Amino acid sequence: MSELMRISLSLENDLLEEFGRLVDQEGYENRSEYIRDLIRERIGRRRWQSGEEVVGTLTLIYNHHQRGLTEKLVELQHHWGGQVLASTHIHLSHELCAEMIMLRGRGRDIEALADAMRRRKGVLEAGLAVSGVAGAGVD
């Protein structure tokens, strides 16, 4: 872990009070941890938008009785194999399945794969969570 540096921050009193409530409500031990998480989130979002390498998890909920859907989802994962690190398939009910797909690559490529899966008939939900990969480049 890198060396911690202290900084000063100026906020209006009302904003500081609201910030303190957020820190408490979200269960942070202190304001510094909350601010570090906000900064990391913003850096990750910037990396995502600029086309740098990111990691992400795509969570799908779908009806596996939809004709050909499972095969189409697997085919997309093979097509985008360079971005797919791993996947986990879970049976939620007789009809519904969940699949979590771990991804790594340029933000636009991950978004394209997520969109291609999201558009398939029978996919009920598709949520994408991403995080920047510090210091890594894509060849």
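Residues numbered from 1 in each chain as written. Predicted model: local features only at pLDDT ≥ 70, side-chain atom pairs only at ≥ 80, totals over all residues. Heavy atoms only, no water.

Regarding its fold elements, the chain presents four helices and four strands. Helices and strands appear in the chain in the N-to-C order α-α-β-α-β-β-α-β. Against the globule reference of 14 Å for 139 residues, the chain gives a C-alpha radius of gyration of 19 Å, more extended than a compact globule. Based on the C-alpha atoms only, the size of the chain along its principal axes is roughly 60 × 40 × 25 Å. Across the 139 residues that make up the chain, the buried fraction comes to 27%. The long-range share in the chain, meaning contacts at least 24 apart out of those at least 6 apart in sequence, stands at 66%. Of the roughly 9,900 Å² of accessible surface on the chain, a fraction of 49% belongs to carbon and sulfur atoms. (Helix = DSSP H or I, 4+ residues; strand = E, 2+ residues; numbered from the N terminus. Rg over C-alpha atoms; globule rule 2.2 N^0.38 Å. Buried < 20%, exposed > 50% of the residue type's maximum accessible area, 1.4 Å probe, protein only. Contact = heavy atoms within 4.5 Å. Areas by Shrake-Rupley, 256 points an atom, 1.4 Å probe, with all protein chains shown as cover.)

If you walk through the whole model with that rule in mind, you get six salt bridges. Residues Glu-53 and Arg-104 are paired through a salt bridge, measuring 3.0 Å at the closest nitrogen-oxygen approach. With Glu-53 in strand β1 (residues 53–63) and Arg-104 in strand β3 (residues 96–106), this pair connects stretches of sequence that are 51 residues apart. Overall, the relative accessible area of 9% leaves Glu-53 in the buried class. According to the relative accessible area criterion, Arg-104 is partly exposed, its value standing at 33%. (Salt bridge = Lys/Arg side-chain N within 4 Å of Asp/Glu carboxyl O.)

Turning next to the sheet that holds β1. Strand order in the open sheet formed by four strands is β2-β3-β1-β4, and the pairing between neighbours is antiparallel. Of all strands in the sheet, those with a lone pairing partner are β2 (84–91) and β4 (123–132), marking the two edges. Neighbour to neighbour, the strand axes of the sheet diverge by 15 degrees on average, direction disregarded. As judged from the seven bridges shared by β2 and β3, these two strands associate in the antiparallel manner. (Pairing = 2+ DSSP bridges. Axes fitted to C-alpha atoms, helices over the stretch in contact; angles between N-to-C directions.)

Our focus in this paragraph is the nonpolar core. Core analysis: the largest hydrophobic core is formed by 20 residues, its most contacted members being Leu-58, Leu-60 and Met-117. Taken together, the elements giving at least two residues each to this core come down to β1, α3 (69–79), β3, α4 (107–118) and β4. The dominant element in this core, judged by the number of residues it contributes, is α4, at five residues. (Core = buried A, V, L, I, M, F, W, Y, C linked by side-chain atoms within 4.5 Å.)

Now for the environment of Gly-105. Positionally, Gly-105 belongs in strand β3. Sequence separation of Gly-105 and Gly-81 is 24 residues, and the distance between their C-alpha atoms is 11 Å.

Each full turn of the α-helix corresponds to 3.6 residues, which orients residues three or four apart in the same direction. With 13 residues, helix α1 (residues 13–25) ought to run about 18 Å at 1.5 Å a step, and its terminal C-alpha atoms sit 18 Å apart, in line with that. Two residues or fewer past α1, Gly-27 is found with a positive phi of approximately 75 degrees. (Expected span 1.5 Å × (residues − 1).)

The tally for this structure, following the rule as stated, stands at two aromatic pairs. Centroid distance Phe-19 to Tyr-34: 5.4 Å. Interplanar angle 75 degrees. Geometry classified as edge-to-face. Placement of Phe-19 in helix α1 and of Tyr-34 in helix α2 (residues 31–50) is noted, with a sequence separation of 15 residues between them. In this structure Tyr-34 comes out as buried when scored by relative accessible area, which is 8%. (Phe/Tyr/Trp six-rings, centres within 6.5 Å; stacked < 30°, edge-to-face > 60°.)

Another aspect to go through is the packing of α3 against α4. With their axes 10 Å apart at the nearest point, α3 and α4 run at an angle of 165 degrees to one another. It follows from the interaxial angle that α3 and α4 lie roughly antiparallel. In this structure, α3 crosses over α4, and the sense of that crossing is right-handed. Residue-level contacts link Leu-73, Leu-76 and Gln-77 of α3 to Leu-113, Ala-116 and Met-117 of α4. In terms of residue class, the contact of α3 with α4 is made up of five nonpolar, one polar and no charged. (Parallel < 35°, antiparallel > 145°, perpendicular 65-115°, else oblique. Left-handed = near helix turned anticlockwise from the far one by under 90°. Nonpolar A, V, L, I, M, F, W, Y, C, P; charged D, E, K, R; others polar.)

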